[in-house]
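Coordinate analysis (summary)
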Amino acid sequence: MIVASVVPAVDRKLAKDIKKQYGFAPRFVSAADIPLIKVKLSDKKSIGADRVVNALAAYTLYNRPALIIDFGTATTFDYVSAKGEYLGGAIAPGITLARDTLHQRTAKLPAVPIAAPKRVVGRSTIEALQSGLVFGYVAMVEGMVKRIKHEYPTRMTVIATGGLAKLICKYTPVVDIIDPDLTLKGLRIIAGA
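These numbers were taken from a predicted model, which means no experiment stands behind them. (Residues numbered from 1 in each chain as written. Predicted model: local features only at pLDDT ≥ 70, side-chain atom pairs only at ≥ 80, totals over all residues. Heavy atoms only, no water.)

**Considerations on the packing of aromatic side chains**
Counted only if it meets this: Two aromatic rings from Phe, Tyr or Trp, using only the six-membered ring of Trp, form a pair when their centres are within 6.5 Å; if the ring planes differ by under 30 degrees the pair is stacked, by over 60 it is edge-to-face, and anything between is tilted. A helix here means a DSSP run of H or I that spans at least four residues, while a strand means a run of E at least two residues long, and both kinds are numbered starting from the N terminus.
Taken as a whole and judged by the stated rule, the model has three aromatic pairs. Geometrically, the ring pair formed by Tyr79 and Tyr152 is stacked, given 4.4 Å between the ring centres and 20° between the ring planes. In this pair, Tyr79 sits in strand β5 (residues 74-80) while Tyr152 sits in the loop between α4 (125-151) and β7 (157-162), placing the two residues 73 residues apart along the sequence. Ring geometry for Phe135 versus Tyr171: centroids 5.4 Å apart, planes at 85°, classification edge-to-face. With Phe135 in helix α4 and Tyr171 in the loop between α5 (165-169) and β8 (177-178), the pair connects residues that are 36 residues apart, well separated along the chain.

What follows is the structure, given as structure tokens:
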């Protein structure tokens with residue numbers, strides 16, 4: 001069993017529970033010890049293991065420079081070079097986190113389903129929230145991809161993963177591949193290395 005945890009506070013309990021249930025300790029990976037990819041950042045311990053696992057999977061499976069966009073608790077953008085070097089990325093609040101924060105921190109904004117409304121200009125508060133969440137994130141993705149391609153002017157594959165990748169990528173042509181299981185594929189690659 002292999003784990004790429006980004007919640008260190010639960011690692012010890014998780015390891016103990018797995019050992020109790022299955023009779024063996026899991027292997028925890030961190031950005032500092034992921035094989036087959038070179039992390040070109042000074043502070044490898046601060047990088048989420050999931051981000052580097054995604055970069056490894058993209059590099060191994062698609063064999064070219066890649067920009068990985070992961071729609072999770074955070075929306076992350078990570079770049080891996082043609083040499084298999086993880087060069088870093090960007091982090092923004094995830095769509096669900098943004099929605100929940102708007103609901104919790106305002107007096108009148110409801111928690112809405114994350115879905116695309118019929119139009120960009122919402123004709124109700126719910127439609128306006130959904131437009132901002134869906135089309136706002138589409139615009140962010142398009143803008144970030146453009147900026148990253150400007151910074152790294154090489155032919156790269158843009159890969160989206162995570163729970164809301166299909167919804168957001170439905171509205172933009174900048175994503176080449178949607179791979180909802182990219183992180184799991186990366187963990188499988190590490191386990192076999």
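**Concerning the environment of Arg123**
Here is the rule we go by: For every residue, the accessible area (1.4 Å probe, protein chains only) is compared with the maximum for its type, and the residue is labelled buried under 20%, exposed over 50%, or partly exposed between those bounds.
Relative to the helices and strands, Arg123 is located in the loop between α3 (95-105) and α4. On the basis of relative accessible area, Arg123 is assigned to the exposed category, the value being 67%.

**Describing the side chain of Arg51**
Threshold: By definition, residues are in contact when any of their heavy atoms lie within 4.5 Å.
On the secondary structure map, Arg51 appears in helix α2 (residues 49-62). Owing to a relative accessible area of 11%, Arg51 belongs among the buried residues under this scheme. If near-sequence neighbours (up to four positions away) are discounted, Arg51 is found in contact with Thr76, Phe77, Asp78, Tyr86, Gly88, Gly89, Ala90 and Ile91.

**A look at the pattern of salt bridges**
This is how it is decided: Whenever Lys or Arg places a side-chain nitrogen within 4 Å of a carboxyl oxygen from Asp or Glu, that contact is recorded as a salt bridge.
Under the definition given, this model contains five salt bridges. Residue Lys13 pairs with Asp17 through a salt bridge whose shortest N-O separation is 2.8 Å. In this pair, Lys13 and Asp17 both sit in helix α1 (residues 8-22), four residues apart, roughly one turn of the helix. When the shortest N-O distance is used, the salt bridge between Asp179 and Lys185 registers 3.1 Å. According to the relative accessible area criterion, Lys185 is partly exposed, its value standing at 29%.

**A few points about the side chain of Thr76**
Its location among the elements puts Thr76 in strand β5. Excluding anything up to four places from it in sequence, Thr76 contacts Arg51, Ile68, Ile69, Asp70, Ala90 and Ile91.

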